[in-house]
Amino acid sequence: CRRGGRRAAARVIMSGAEKLLVFALAGLQCALGTSKIDRVVPAVEISPVPQAPAIVLGLVNVHGRILPVLNIRRLFRLPAIRTAPEHRMIIARTATRPVVLVVDDVLGVTGLCEEDIVAPERVYPGIEYLHGVTGIGSGMVYIYDLDSFLSSAEDDAIEQLLAAGMPMPDGREV
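Residues numbered from 1 in each chain as written. Predicted model: local features only at pLDDT ≥ 70, side-chain atom pairs only at ≥ 80, totals over all residues. Heavy atoms only, no water.

## Some thoughts on the side chain of Asn61
Counting through the fold element by element, Asn61 comes out in strand S4 (residues 56-62). According to the relative accessible area criterion, Asn61 is buried, its value standing at 10%. Polar side-chain contacts of Asn61 include one of 2.8 Å to the backbone nitrogen of Gly64. (Helix = DSSP H or I, 4+ residues; strand = E, 2+ residues; numbered from the N terminus. Buried < 20%, exposed > 50% of the residue type's maximum accessible area, 1.4 Å probe, protein only. Polar contact = N/O pair within 3.5 Å; in protein donor to acceptor, adjacent residues only side chain to side chain.)

## Structural notes on the sheet that holds S4
One open sheet holds the 5 strands; their spatial order is S3-S6-S7-S5-S4, and the pairing between them is mixed. Every other strand in the sheet has two partners, leaving strand S3 (37-42) and S4 as the edge strands with one partner each. Along the sheet, successive strands turn relative to each other by an average axial angle of 30 degrees, direction set aside. Its contacts with the sheet put helix H3 (residues 152-163) on S4 and strand S5 (65-70), and the angle it makes with S5 is roughly 145 degrees. (Pairing = 2+ DSSP bridges. Axes fitted to C-alpha atoms, helices over the stretch in contact; angles between N-to-C directions. Contact = heavy atoms within 4.5 Å.)

## Side note on the pairing of strand S7 (residues 98-103)
Regular strands place their side chains on alternate faces of the sheet. Counting buried positions along S7 gives 6 out of 6 residues, so the element sits mostly inside the fold. The alternating pattern of S7 places Pro98, Val100 and Val102 and Val99, Leu101 and Val103 on opposite faces, both of which are buried. Examined bridge by bridge, S5 and S7 share 2 bridges and lie parallel to one another. When the sheet's bridge partners are listed, Val69 is paired in S7 with Val100. Here 6 bridges tie strand S6 (residues 88-93) to S7, and the two strands are oriented antiparallel to one another. If you follow Arg93 over to S7, its bridge partner there is Pro98.

## Some thoughts on the environment of Leu67
Assignment of secondary structure puts Leu67 in strand S5. For Leu67, a relative accessible area of 5% translates into the label buried. Setting aside anything within four residues of it in sequence, one finds Leu67 in contact with Gly58, Leu59, Val60, Val62, Ile91, Pro98 and Val100.

## Focus on the environment of Asp105
With respect to the helices, strands and loops of the structure, Asp105 is situated in strand S8 (residues 105-113). Considered as a pair, Asp105 and Ile90 are 15 residues apart in the sequence and their alpha carbons are 9.8 Å apart.

## Focus: H3
Between its terminal C-alpha atoms H3 stretches 16 Å, which fits the 16 Å expected from 12 residues at 1.5 Å a residue. When H3 is considered as a whole, its buried residues turn out to be Asp155, Ile158 and Leu161. Each buried residue of H3 sits inside an arc of 120 degrees when the element is viewed along its axis, so together they form one side. Facing away from the buried side of H3, by more than 90 degrees, are the exposed residues Ser152, Ala153, Gln160 and Ala163. Elements in contact with the buried residues of H3: S4 and S5. (Expected span 1.5 Å × (residues − 1). Arc of directions from axis to C-beta.)

## Some words on the pattern of salt bridges
The final tally for this structure, using the stated rule, is 5 salt bridges. Among the ionic pairs, Asp104 bridges to Arg73, the shortest N-O distance being 2.2 Å. Here the residue Asp104 occupies a position in the loop between S7 and S8, and Arg73 occupies one in helix H1 (residues 72-75), the gap between them amounting to 31 residues. The partner of Asp155 in a salt bridge is Arg97, and the shortest N-O contact between them spans 2.7 Å. A residue pair is termed long-range when its members are at least 10 positions apart, and Asp155 in helix H3 and Arg97 in the loop between S6 and S7 qualify at 58 residues. With respect to class, Asp155 is no different from Arg97; both count as buried. Through salt bridges that share partners, Arg97, Asp155 and Glu159 make up one connected network. (Salt bridge = Lys/Arg side-chain N within 4 Å of Asp/Glu carboxyl O.)

## What about the nonpolar core?
Ranked by internal contacts, the top residues of the largest apolar core, which has 31 residues, are Leu70, Ile72, Phe76, Ile90, Leu101, Tyr144 and Phe149. When sequence neighbours within four positions are dropped, the list of residues in contact with Ile90 reads Leu21, Phe23, Ile37, Arg39, Val40, Val99, Val100, Leu101, Val103 and Val106. Val41, Leu67, Ile91 and Val102 belong to the second largest nonpolar core, which has 11 residues in total. (Core = buried A, V, L, I, M, F, W, Y, C linked by side-chain atoms within 4.5 Å.)

Below you can see the structure in the form of structure tokens.
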């Protein structure tokens, strides 16, 4: 993935490269592999669910499908904020289900070679949820492993919650 000794982080130039969706979250640059992303939409109101596991902020209606919104700020131990219209929702897929992530903004898509990604244990030993770290431009980008966000117990609790047929109070859709 290198050409003439220069990094090819801004574009994919050969196989083995990975495309990433880069997003802002609490002043950090974060990323997920685009293979896990369905789409990005403007943020909408989230319907809270009292019996939901702590990882779940609530539910949203995405074209008639009720999806859980994961509380990634809590997961990453970041300060909680209220969802605002200027935020974005990333509709993504874990290995077991579609989920929604609320982020501050989406910064774009970039191509990156595996050789440009530093293993998380080399930078932050013991850190959870992280696939790797890289530099793009002048900043660090934290590349997350979406499939590690939910424990099997949390995934089971979400399945039970959705099976219970929680009504959406206002019928609004993404």
